[in-house]
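Inside the fold
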Amino acid sequence: MNIATSSARGVLSRRSQLQWRLCWENELQLADHLELADFFRKTYEPTGAFNGQLFEGNRSWARARPELRAIGYDARGVAAHLGLLRRFIKVGGVDLLVAELGLYGVRADLEGLGVSHSIRVMYPVLQVLGVPFAFGTVRPALQNHIARLLGRPALATIVPGVRVRSTQPDVYLDLPPTHVEDVLVVVLPILRPMSDWPTGTIIDRNGSEL
């Protein structure tokens, strides 16, 4: 698969009837950012006003900026999104290259779509990028929900009991420069088996979450 030309649409999901566009961040045009920012505001605002405010000013990312996006379209415009960012994290003291997956969203009328569909679209790209694992984080309260979305057989493994340290996306005078969260870590084996995932109860993201 030639990622350099993967911005062409054409990966059609039979179940959702979405047309997926895989594109590098620098391939996005101004109109793309405007459309995505509107999509994220509408998608994230129901989970809290602050979450929607992250996308003010036509900003199409929340914290760290992705390098690659999978964007699902239908006749109404943007319907789903998943971002990817390669980075080194430290798992229990072990440096590990991963592709962090985040900025996941599905339009309200398509909530039954499931994250597994966007991950399947992204999976060939992950293999081409040569990362050993993909990973993301979700709130513990969403464990059952995310388990259902991952489908059967599950594409990824949920690792509970892990705390993740991340940097703040900006410098705040009233906050420390890093924060630690109790989250569920979701790991997708790519070039290495799940048995190679390091053990540890703390992950240093060494940057802002995606």
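Look up: the structure comes first, before these words.
Residues numbered from 1 in each chain as written. Predicted model: local features only at pLDDT ≥ 70, side-chain atom pairs only at ≥ 80, totals over all residues. Heavy atoms only, no water.

1. Section: the overall build of the protein chain
Scanning the protein chain from N- to C-terminus turns up four helices and nine strands. Written out in order from the N terminus, the α and β elements of the protein chain read β-β-α-α-β-β-β-α-β-α-β-β-β. A burial count over the protein chain gives 50% of its 210 residues as buried. Excluding contacts between residues fewer than 6 apart, the proportion of contacts in the protein chain whose partners are at least 24 apart in sequence is 66%. Element-wise, carbon and sulfur atoms account for 53% of the exposed surface of the protein chain, whose accessible area totals about 10600 Å². (Helix = DSSP H or I, 4+ residues; strand = E, 2+ residues; numbered from the N terminus. Buried < 20%, exposed > 50% of the residue type's maximum accessible area, 1.4 Å probe, protein only. Contact = heavy atoms within 4.5 Å. Areas by Shrake-Rupley, 256 points an atom, 1.4 Å probe, with all protein chains shown as cover.)

2. Side note on the side chain of Arg69
Along the chain, Arg69 turns up in strand S3 (residues 68-74). One polar contact links Arg69 to Glu25, side chain to side chain, over a distance of 2.7 Å. Within the structure, Arg69 has its side chain in polar contact with the side chain of His81 (distance 3.0 Å). (Polar contact = N/O pair within 3.5 Å; in protein donor to acceptor, adjacent residues only side chain to side chain.)

3. A short note on the environment of Glu35
Assignment of secondary structure puts Glu35 in helix H1 (residues 30-44). By relative accessible area, Glu35 is classed as partly exposed at 33%. Beyond its immediate stretch of four places on either side in the chain, Glu35 contacts Tyr73, Gly77 and Val78.

4. Things to note about the pairing of strand S6 (residues 133-138)
Across the six residues that make up S6, a large majority, five, are buried. Pairing geometry for strand S5 (residues 94-106) and S6, over three bridges, is parallel. The residue bridging Ala99 from the neighbouring strand is Ala134, located in S6. Pairing analysis gives six bridges linking S6 to strand S8 (residues 178-189), with the strands arranged antiparallel. Across the sheet, Phe135 pairs through a bridge with Val187, a residue of S8. (Pairing = 2+ DSSP bridges.)

5. Some thoughts on the packing of aromatic side chains
By the definition in use, this model includes five aromatic pairs. The interplanar angle of 15° and the centroid separation of 4.8 Å between the aromatic rings of Phe40 and Phe55 together place this pair among those described as stacked. Of this pair, Phe40 sits in helix H1 while Phe55 sits in the loop between helix H2 (49-53) and S3, and the two are 15 residues apart along the sequence. The same class applies to Phe40 and to Phe55, which are both buried. With a centroid separation of 5.2 Å and 85° between ring planes, the pair formed by Phe133 and Trp197 is classed as edge-to-face. Of this pair, Phe133 sits in strand S6 while Trp197 sits in the loop between S8 and strand S9 (202-204), placing them 64 residues apart in sequence. Per residue, the accessibility class of Phe133 equals that of Trp197, and both read buried. Through a chain of ring-to-ring contacts, the aromatic side chains of Phe39, Phe40, Tyr44 and Phe55 assemble into a single cluster. Over the ring of Trp61 we find Arg65, and its NZ or CZ is 3.9 Å from the ring centre. (Phe/Tyr/Trp six-rings, centres within 6.5 Å; stacked < 30°, edge-to-face > 60°. Lys NZ or Arg CZ within 6 Å of the ring centre and 35° of its normal.)

Just geometry here; none of it tells us what the structure is for.
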